[in-house]
Amino acid sequence: MNHKTIIEPFRIKVVEHIKMTTEAEREAFLKNAAYNPFLLHSTEVIVDLLTDSGTSAMSSNQWAGIMQGDESYAGATSWLKMEAAIKDLTGCPYILPTHQGRAAEHLLYSRIGGKGKVFFSNTHFDTTRANIEFSGAEAIDLPVPEAKQPELELPFKGNLDIAKLEENISKHGKENVAAVILTVTNNSGGGQPVSMANARAVSELCKQNGILFILDACRVAENAWYIRHREEGFYEKTYRQIAQEMFALADGCIMSAKKDALVNMGGFLALKNLDLAILCRTVLIITEGYSTYGGLSGRDMEAIAQGLMEVFEPDYLDYRIKSTAYLGNALTKLGIPVIRPIGGHAVYVDAKQFYHHIPPEQFPGQALVCQLYLKGGIRSCEIGSVMFGKYDEAGKLIPAPMELVRLAIPRRVYTQSHIDYVIETFEMLLDDREAARGFKIVYEPPFLRHFTARFTPVS
Ligand code: F0G
């Protein structure tokens, strides 16, 4: 008989205090944060599921590496270690270190973007879209149609729609396509994986048309778990070999090391083409730092090199994927509508269905985010019309296709009892579902409004 309980494959050596709060205290904190959890202080939060980005607990080996950090301006040994680890993983000869993923996006997309250019992706993450649009180019999402059906159980709902990609390349003209970006796993589309077959098809189409193919690889190890377990012909391969096979299909990649490199800060751009690398390196030196550290300290680079090894350990990945599914499956059992199957780094609740009495114009996702905080001190993130909604010419909201709330699980941070507490909080929300109210935006900036928007409850 196998054990039912998924135990964390690590012991805790250092602990971080969590301050407990009452519902009355949280009500005041939330009002003060203009009903936007991004504006809360972290000490006001009990279980922080805002993001899995930069929130990992590092291992004792990573901390040991930190002490070995070589802080030389040029050619530091820590840089050489990080560069070697990334070259070996991605097969790319040109590595540009950055302080995080979006800086790498800026280096590349500001060079190859611009007015008249178009990018295609299974789904552009919000900073990816913002970097592309900021350059003057257009970002078009081409997810497979089943990605929009939350309850459908299919193995690779993160895939890019190949027929649509072909159609769009003809429509826009291949000379105007700056790149195709495959985001693995597809974060904004529910954390769903992309199959190797899909990556292969994208690669072939890009090669035929002379289009650059970039992997947004920040969760590539988690994606590899799904390929090994769900796609035929991969079970005998290691997770690392699967990731390497995917990198081999692309012309380069962008990685936020804050996810699957198990560190708190860092990122990189890796390229196969020298001319493009030189073009981007100029911006790197102007905006990030010298080319052998980018925006990073030597100690950060040590931790990244080590993290990129640890993340492919089978026990870790097994625990990671199964413990996220534990939360998602428990919510499903309670009757909470979640995107199925459960993704690797987060559980996505369908707030449109959960709060069906709140119309998209009143942001049902924001309502759920606020209720989770009030009842449990849990911080989560709206991925719906606050994040992706647009306005038409008359100023009317064009809602996002889905109103989701993401419960992102930091890597190696919370134990099963924290997750059981989250499940209990949902049970409480079920009891007075109809009492939840929508919100109105009272302030928003022109780009990435979800970070700083201010809200007021609709009375
Ligand atoms: N690409 C994807 C798919 C991401 O999920 C993120 C960040 C980035 C790029 C940008 O990387 O934060 O290092 O600049 N995602 C975080 C999240 C913020 O919460 O999902 P970054």
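Residues numbered from 1 in each chain as written. Predicted model: local features only at pLDDT ≥ 70, side-chain atom pairs only at ≥ 80, totals over all residues. Heavy atoms only, no water.

K.L.:
Hey, could you run me through the sheet that holds strand β11 (residues 381-383) in this one?
P.N.:
Strand pairing in a sheet relies on backbone hydrogen bonds, with the paired strands running either antiparallel or parallel. The strand order across the open sheet built from three strands is β9-β14-β11, with neighbouring strands paired in antiparallel fashion. Of all strands in the sheet, those bounded by a partner on one side alone are β9 (346-350) and β11. Recorded for the sheet is a direction-independent mean angle of 30 degrees between the axes of neighbouring strands. For β9 and strand β14 (residues 404-408), the ladder comprises five bridges, and the chain directions are antiparallel. Its bridge partner lying in β14, Val347 is registered against Leu407. In the packing of helix α12 (residues 314-334) onto the sheet, the strands contacted are β9 and β14, and the crossing angle to β9 comes to about 20 degrees. (Pairing = 2+ DSSP bridges. Helix = DSSP H or I, 4+ residues; strand = E, 2+ residues; numbered from the N terminus. Axes fitted to C-alpha atoms, helices over the stretch in contact; angles between N-to-C directions. Contact = heavy atoms within 4.5 Å.)

K.L.:
Just to check I follow, could you spell out the environment of Gly189 for this structure?
P.N.:
Within the secondary structure, Gly189 is located in the loop between β5 (177-183) and α7 (196-209). For Gly189, a relative accessible area of 10% corresponds to the buried category. For the pair formed by Gly189 and Met82, sequence separation is 107 residues and the distance between their alpha carbons is 30 Å. (Buried < 20%, exposed > 50% of the residue type's maximum accessible area, 1.4 Å probe, protein only.)

K.L.:
When you look at the pairing of β9 in this model, what are you seeing that I'm missing?
P.N.:
The side chains of a regular strand alternate, first on one face of the sheet and then on the other. Counting buried residues along β9, five of its five residues qualify, which places the element largely inside the surrounding structure. Along β9, one buried face is formed by Ala346, Tyr348 and Asp350 and the opposite face, lined by Val347 and Val349, is buried too.

K.L.:
How should I be thinking about the domain arrangement of the chain in this particular structure?
P.N.:
A common way to express how large an interface is: the accessible area buried when the components associate. The domain boundaries assigned to the chain delineate domain 1 (23-52 + 313-457) and domain 2 (61-310). A straight line from the C-alpha centre of domain 1 to that of domain 2 covers 26 Å. Contacts between the two partners involve 32 residues from domain 1 and, on the opposite side, 37 residues from domain 2. Buried area between domain 1 and domain 2, summed over both chains or domains, comes out near 2,900 Å², and the portion from carbon and sulfur atoms is 57%. Residue Arg411 pairs with Asp260 through a salt bridge whose shortest N-O separation is 3.2 Å. Counting across the domain 1 and domain 2 interface gives 19 residue pairs in polar contact (both at pLDDT 80 or more). Put simply, the parts of the chain that give the side of domain 1 that touches domain 2 at least two residues each are α12, β9 and α15 (385-388). (Domains from an automatic or database assignment. Buried area = accessible area lost by both parts, 1.4 Å probe. Salt bridge = Lys/Arg side-chain N within 4 Å of Asp/Glu carboxyl O. Polar contact = N/O pair within 3.5 Å; in protein donor to acceptor, adjacent residues only side chain to side chain.)

K.L.:
What am I meant to see in the site of the ligand here?
P.N.:
Close contacts around the ligand come from 17 residues, with Thr51, Arg102, Asp216, Ser256 and Lys259 the closest. In the environment of the ligand, an oxygen atom lies 2.8 Å from a nitrogen or oxygen atom belonging to the backbone of Gly101. Between the ligand and Asn187, the relevant distance is 2.8 Å, taken from an oxygen atom to a side-chain nitrogen or oxygen of the residue. With the chains in place, 94% of the 470 Å² that the ligand exposes on its own is no longer accessible. Take the shell around the ligand: its biggest share by element is three residues, from helix α4 (residues 101-112). (Near = heavy atom within 4 Å. Areas by Shrake-Rupley, 256 points an atom, 1.4 Å probe, with all protein chains shown as cover.)

K.L.:
Where do I start with the layout of surface pockets in this structure?
P.N.:
Rolled over the atoms, a probe with the dimensions of a water molecule shows which regions are left empty. Volume-wise, the second largest pocket comes out at about 800 Å³. Around the second largest pocket sit 33 residues that line it, and Arg129, Met387, Phe388, Gly389 and Lys390 are the ones nearest its centre. Listing elements by their share of the lining of the second largest pocket, those giving two or more residues are α5 (126-134), β4 (138-141), α15 and β12 (390-391). When grouped by side-chain class, the residues that make up the lining of the second largest pocket number 18 nonpolar, seven polar and eight charged. Built from parts of two domains, the lining of the second largest pocket gets at least three residues from each of domain 1 (23-52 + 313-457) and domain 2 (61-310). (1 Å grid on protein atoms, 1.4 Å probe; cavity = no way out; pocket = protein on both sides within 12 Å on 5 of 7 lines; lining within 4 Å. Points joined across faces, edges and corners; volume = space filled by probe spheres on them. Nonpolar A, V, L, I, M, F, W, Y, C, P; charged D, E, K, R; others polar.)

K.L.:
Explanation requested: the packing of aromatic side chains in the structure shown.
P.N.:
Geometrically, a pair of aromatic rings is defined through the distance of the ring centres and the angle of the planes. In total, this model carries 11 aromatic pairs according to the counting rule given. Ring plane angle 70 degrees and centroid distance 5.1 Å describe the contact between Tyr73 and Tyr293, whose orientation is recorded as edge-to-face. In this pair, Tyr73 is assigned in the loop between α2 (60-67) and α3 (77-90) and Tyr293 in the loop between α10 (274-287) and α11 (298-310), connecting sequence segments 220 residues apart. Taken together, a centroid distance of 4.8 Å and an interplanar angle of 55 degrees make the contact between Phe354 and Tyr355 tilted. Comparing Phe354 with Tyr355 shows no difference in burial state: the two are buried. Pairwise contacts between aromatic rings join Tyr35, Phe363, Phe439 and Phe455 into one cluster. (Phe/Tyr/Trp six-rings, centres within 6.5 Å; stacked < 30°, edge-to-face > 60°.)

K.L.:
How do you make sense of the sheet that holds strand β8 (residues 267-271) when you look at a structure like this?
P.N.:
Read across the open sheet, the seven strands follow the order β2-β8-β7-β6-β5-β3-β4; overall the sheet is mixed. Edge strands, defined here as strands with exactly one partner in the open sheet, are β2 (94-98) and β4. The average angle at which neighbouring strand axes cross in this sheet is 20 degrees, direction not considered. Of the strand pairs in this sheet, β5 and strand β6 (residues 213-216) are connected by four bridges, and their pairing is parallel. From the neighbouring strand, Ile181 faces β6, where its bridge partner is Ile214. Each of β2, β7 (252-256) and β8 is contacted by α3, which is oriented at about 125 degrees to β2, the strand it contacts most. Across the sheet, α10 touches β2 and β8, and the angle it forms with β2 is around 20 degrees.

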